[in-house]
Each structure stands twice: as C-alpha cells, then as structure tokens.
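Spelled out, the chains give:
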Amino acid sequence: MKRSLRLMGTVFTMLMSISTIALAEPVTFPKGAATPSETCGECHQVLFKEYALGVGSDNHSANHSIPATVSPAATAHATSKFTPLASGGSVEWCRSCHFAGSFNIPGKNEVGKQMPNVVNAGEISITCATCHLTPEGKVRSVRNSKNAPHASVVEPALQTSAVCAHCHVDTTNTRIVGGQYQTYLEWRDDFHKPGLGAQECQDCHMPRTLRKVAEDSDGAPVAVGRHLWTGGHSAQRLGGSLSLSIIQRDQDKAILSFSVTNIGAGHSVPTGPNARGVYLSVDVLDRQGVSRARKEWLFAPNFSGRPDDKAFLEEDKKLSGYEAYAQTRADAQGMHEPPVRAGEERLLDWNPSLAPGLYTVKARLRYTTDRFRTPAADDEKEMGNAALLITNK
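Now for a look at the structure at hand. This structure is a prediction, so every number in the text was calculated from the model and none was measured.

**Overview of the environment of His166**
Positionally, His166 belongs in the loop between strand 4 (152-154) and helix 6 (183-192). Separated by 35 residues in sequence, His166 and Cys131 have C-alpha atoms that sit 9.4 Å apart.

**Focus: the sheet that holds strand 8 (residues 256-262)**
With respect to topology, three strands assemble into an open sheet ordered 7-8-11, the strand pairing being antiparallel. The open sheet is flanked by strand 7 (242-248) and strand 11 (345-350), the only strands paired with a single partner. Each strand axis lies, on average, 20° off the axis of its neighbour in the sheet, ignoring direction. Bridge count between strand 7 and strand 8: seven bridges; the pairing is antiparallel. Residue pairing across strands places Leu244 opposite Val260, the latter belonging to strand 8.

**Comments concerning helix 10 (residues 321-333)**
Residue pairs spaced three or four apart in an α-helix point in one direction, given the helix's 3.6 residues per turn. The first and last C-alpha atoms of helix 10 sit 19 Å apart over 13 residues, in line with the 18 Å expected at 1.5 Å per residue. One or two positions beyond helix 10, positive phi appears at Gly334, with a value near 85°.

**Quick notes on the packing of aromatic side chains**
Following the criterion strictly, the structure yields four aromatic pairs and no others. Arranged with centres 6.3 Å apart and planes meeting at 40°, the rings of Phe48 and Tyr51 form a pair that is tilted. With Phe48 and Tyr51 both in helix 3 (residues 45-53), this residue pair falls three residues apart, about one helical turn. With a centroid separation of 5.9 Å and an interplanar angle of 50°, the aromatic rings of Tyr322 and Tyr325 are classed as tilted. Of this pair, Tyr322 and Tyr325 both sit in helix 10, separated by three residues, roughly a single helical turn. Residue classification places Tyr322 among the partly exposed positions, given a relative accessible area of 29%. For Tyr325, a relative accessible area of 25% corresponds to the partly exposed category. In this arrangement the basic side chain of Arg140 is found over the ring face of Phe103, its NZ or CZ atom lying 5.4 Å from the centre. Sitting over the face of the ring of Phe312, Arg306 holds its NZ or CZ atom 3.7 Å from the ring centroid.

**Some remarks on the pattern of salt bridges**
This structure, assessed with the given rule, holds 21 salt bridges. Measuring nitrogen to oxygen at the nearest pair gives 3.3 Å for the salt bridge that ties Asp283 to Arg294. One end of the pair, Asp283, is in strand 9 (residues 277-285); the other, Arg294, is in strand 10 (residues 291-299), and 11 residues separate them in sequence. Overlapping salt bridges, with partners in common, bring together Arg175, Arg188, Asp189, Asp190, Lys193 and Arg341 in one network.

**Structural notes on the sheet that holds strand 12 (residues 357-368)**
Pairing is antiparallel across the open sheet formed by four strands, whose spatial order is 10-9-12-13. The open sheet has two free edges, formed respectively by strand 10 and strand 13 (381-392), since each of these has just one partner strand. Taken pair by pair, the neighbouring strands of this sheet meet at an average axis angle of 15°, ignoring direction. Taken together, the eight bridges between strand 9 and strand 10 define a ladder with antiparallel strand orientation. Directly across from Asp283, in strand 10, lies its bridge partner Arg294.

Rules used throughout
- Residues numbered from 1 in each chain as written.
- Predicted model: local features only at pLDDT ≥ 70, side-chain atom pairs only at ≥ 80, totals over all residues.
- Heavy atoms only, no water.
- Helix = DSSP H or I, 4+ residues; strand = E, 2+ residues; numbered from the N terminus.
- Pairing = 2+ DSSP bridges.
- Axes fitted to C-alpha atoms, helices over the stretch in contact; angles between N-to-C directions.
- Expected span 1.5 Å × (residues − 1).
- Phe/Tyr/Trp six-rings, centres within 6.5 Å; stacked < 30°, edge-to-face > 60°.
- Buried < 20%, exposed > 50% of the residue type's maximum accessible area, 1.4 Å probe, protein only.
- Lys NZ or Arg CZ within 6 Å of the ring centre and 35° of its normal.
- Salt bridge = Lys/Arg side-chain N within 4 Å of Asp/Glu carboxyl O.

This is the structure in structure tokens:
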C-alpha cells in the first residue's frame, strides 16, 4: 500500500512537471529587431560565434575587440553600428539605416528600406533578429522548427537574394549604373536576369556546412548557411572575383591592353559604398629590373548618380551636411573607372613610351575598403597579378 502511494506520488509529481512545461510561455522578443544577438546565442551557439567573432573565417574588420585566442574577427554586421570616416571619428550611419524594424521579405522586383526606426536599438548593431524576426514576432527559418521554444515560421525566401535586398540597395527602385549601394540591383539585373548563374547571395556569402541549428537540440545535423558573410574583407572572396590578363597588341611594339574580367562575383566589383576601390597598377621593368614606365587605374562606385569629377568641386560648395563632405571628397579624387559589372570584360589600353629593348610588364590588382584613407586601409588585399615579357623595336 505504501509502495503504491509512493508510486502515485511520483507519477503526480511527473504530471505536474509536464504540465508546468506545457504551460510555460514561449520565448518572445519584446525589443523586436533590436533583440541582442546574445539572446539567440544562448541556444544557437556556433551561429552566434560566427557572427560575433568570425570563428572559422578569413573575414577581418578593424573596429572591434575580440579575445586574443580567436584569430579572425567579427562580421561586418556585428560591427556595423559606427562607420569610420576618413577625416577621423565616426558617424552613427549604418545602424540608423539598417534598424528599420522587422520587415517582410520583399519580392525580387521590390527593393528599398523602410524608414529608420531605432527604438530599443541601444548599443547594438545588426542582430540575428534583424533578418530572422517577422513583424508578427515569429522567427523565420528555412525548416520546420516545431520544437523550438519560440514561435516559428518556415520562410523559403530566407535563402534567396530577396532578403538581402532590404539593406543592400539604395532606397530607390531605379538602377544607377556605377553608383554606390546598388549591390542587389547589380545581382538582379546584371547576373540573375541574363543567366550568368543561378546563385543567390547566400550561395557565395553564406556557404553551407553540416551542423545542428541549436547545439542542445535532439535534431540531426543539417545543412546550415555559415553566418560569416565573407565579402570585401575576405581574401577568399576577393581572389576569385576578377581575372587579369596582359595583351601585347603588336609583338614588336609596346602597345598594351589589360583585360579585367568579372568572372567570379554575382555583382559589380567593387560594390557597395563609394569608398571601396580596386586599383590596377602596372610597372614596366627593363632587363636590370629598373622601372621605366608606370600606370594606375582606379575602379570605384560614384557617390551620386553622376561621375565623380574635379570639375564639380566649386558646385559642391553649395551642398551641406554629410552630402557636402562625401560628394566633395569623391570629386576631389577625380574621375575613375566605374566598377566592373558581373560578366563584363573591361579592356584598358596603354602605349608607354619606351626605348627599344626587352621588358617585363607586371600588373597587379589590389582592393581597399577605403580609397580615401591615407595611408591605405590596413586591410588592403591583392586580388590577382600577371606578367608578360615584351619586345619593343
């Protein structure tokens, strides 16, 4: 009898525990898109470490502090609160644009951000919730997450470029060829529509690996996109984007062309803010290794819908605020080559004046995240190089 009573007591305790679990309220997100990523990182530990520390990537950013035992760095999304200025200091610019609150994923022909809304933004940058939280407070996932402690919704568009369009394009539907902040439109119009490839943004910038979505779950490992978004700070991404060749048009004369072809990026190179630039540097060396001629081209987005040009410097004085600063520094650097569009081969001609003889032509492509900074940005990287032996008679 006593044993039966003890057994009944145990069963009752278990039922009460199950009842308590069943009645427990699901996790909610009262701060919306401003929910700190650390909240998500309590369960999604590896994904959070990729985002916050860049663990396992070659993605480097100078505006953060990380543990000394971690070699790479936080993603640009995790460090996006402040944008450093070439003149010194920083401007709270990225956060005010990107913190537009939770958003519905637009169709591929719909672009543009909502008006900025930094309520509850606090001291954080772009968070997990920025992309994963719906306006209704549910967490977007590419799979059914019925055992998750929060309300979830399956959203196939989370694996398409449409989700990136909310931020990675200017606030207008109008394509400005050669302009800054046109990345999504470059992908859609220059890469996707002509059929250059079927890749979405995530296929290159979020390569997949097998893992559990949440480490403490009972689920089996599945293919999950890495939350690193390797791009302009990544040697891996940069090294496979452009090809470079040197062409001697006449085998006896120094009539040269340089072929720069966008073979590996689904958008223009460089893309994004107009501070980003690609330099093509050419050096002609004689048989003793002495430089006899040099030439350099700059590829970069324009600040506005017109080309950057020193001829506009006087007109720039009529501008005010950030536009005056940004447009003036762009025009002060003068005219440059527009970015190389997806699938485009750009041919640049040069006929250096050389004495008769044998020469080695060396060409190098290098990338910088801030072409206005002097000296060059710390993360300047080589994208490719080529050499050609020529005869000039």
